[in-house]
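Coordinate analysis (summary)
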Amino acid sequence: MFVVLLGPPGAGKGTQARRLTGATGLLHLSTGDMFRENVRDGTELGVLAKGYMDRGELVPDEVTIAMLLERIARPDAADGAMFDGFPRNVAQAQALDEALAGRGAAIDRALLIAVSDGELEGRLGGRWLCRACGAVYHERNDPPKEAGRCDQCAGEIYQRDDDRPEVVRTRIERQKPPAALIGHYRDAGALREVDGERDLDAVTDGLLEALD
Ligand code: AP5
C-alpha cells in the first residue's frame with residue numbers, strides 16, 4: 001500500500017506517520033527528514049537545501065523529486081510506503097504517480113490532516129525533536145517525560161531552525177497543500193480528509209479508519 005499524508009506545516013504529519021507506521025508496518029519516508037539528514041551530514045544536497053529551508057521555501061522540484069525517486073527505488077520500498085511531506089505540488093505528485101505506475105502500483109490513499117492556521121503557529125513554536133531518532137514532542141501538548149531527553153532513545157532534544165516565528169509564518173502562508181494537489185487525489189478517488197485538531201489518539205484513530 002502506498003499512502004500520502006497531506007497537511008500544512010505543523011498539522012501533525014510526522015507525528016502521525018510514526019504512529020501509523022507502528023500500526024501498519026508501512027515504511028515512513030519524510031522528505032523533510034531526508035533534507036535534515038543531508039544538512040546534518042554537510043552533503044552538497046544539504047548545503048543547497050538549507051538555504052531554502054531556512055527561508056521557509058520549498059526546495060526546487062528537480063532536486064526533491066530526484067532524491068525521492070532514488071529513495072523509493074530501494075528494495076525496502078518495493079511493497080509500500082507512507083509519504084510525509086511529499087508531494088507538495090502537482091508536478092511532484094505526477095512524478096510519484098509515474099514512478100509507481102512503472103512498477104504496477106499507485107497511491108491508494110491521500111490522507112489530508114486538516115488544522116486551522118490559528119493552531120499551527122502554537123504547534124510549531126512549541127515543537128522539540130530528538131537529534132538521534134527524530135521523535136517529535138511538544139512542550140505543552142506532548143512533552144518528554146524527562147526535560148531535554150528523548151523518551152525512546154534518551155537522545156538530546158532540540159528545536160528546528162525553521163521553527164523560528166518569522167519562518168513559521170512564511171511556511172504557513174506558502175506551504176499549505178495547494179488546491180490543485182488536493183484535487184489531483186480527489187479525482188483519483190484516493191483523498192480522505194481527517195480532522196487534525198483533536199487530541200493525538202483521536203487523530204490516529206481517524207487516520208486508521210480512513211485507511212480502512
Ligand atoms: P518538513 O519537515 O516536511 O516540514 P513541514 O511540512 O513544514 O511539516 P512539519 O514537519 O513542520 O510538520 P508536521 O505536519 O510533520 O507536524 P509534526 O508532526 O511535527 O519540511 C521541512 C522543509 O524541507 C520545508 O520547509 C522545505 O524547505 C523542505 N521540503 C520538505 N519536503 C519538501 C518537498 N516535497 N518539496 C520541496 N521542499 C520540501 O507536529 C508539529 C507539532 O505539533 C509537534 O510538536 C507535535 O507534538 C504537535 N502535535 C501534532 N499533532 C498534535 C495534536 N493532534 N494535538 C496537539 N499537538 C499536536
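Up top is the structure.
No experiment lies behind these values; they were computed from the predicted model shown.

On a plain count of helices and strands, the protein comes out with 9 helices and 8 strands. Projected onto its principal axes, the C-alpha coordinates of the protein cover approximately 45 × 40 × 35 Å. Here the protein holds 212 residues, and 46% of them are scored as buried. Intrachain contacts of the protein at a sequence separation of at least 6 include 71% that bridge at least 24 residues.

All right, on to helix α5 (residues 90-101) then. The end-to-end C-alpha distance of α5, which contains 12 residues, comes to 16 Å, matching closely the 16 Å that a straight helix rising 1.5 Å per residue would cover. Among all positions of α5, only Q92, A93, A95, L96 and L100 are buried. For α5, the angular spread of buried residues about the axis comes to 160 degrees, placing them on one side. Every exposed residue of α5 that faces more than 90 degrees away from the buried side is listed here: E98 and A101. Check the buried side of α5 and you find it contacts β1 (2-6), α4 (61-72), β3 (81-84) and α8 (179-187). Between a side-chain oxygen at the N-terminus of α5 and the backbone nitrogen of A91 the separation is 3.3 Å; the capping residue is N89.

What counts, and at which threshold
- Residues numbered from 1 in each chain as written.
- Predicted model: local features only at pLDDT ≥ 70, side-chain atom pairs only at ≥ 80, totals over all residues.
- Heavy atoms only, no water.
- Helix = DSSP H or I, 4+ residues; strand = E, 2+ residues; numbered from the N terminus.
- Buried < 20%, exposed > 50% of the residue type's maximum accessible area, 1.4 Å probe, protein only.
- Contact = heavy atoms within 4.5 Å.
- Expected span 1.5 Å × (residues − 1).
- Arc of directions from axis to C-beta.
- Polar contact = N/O pair within 3.5 Å; in protein donor to acceptor, adjacent residues only side chain to side chain.

These values are about where atoms sit, not about what they do.
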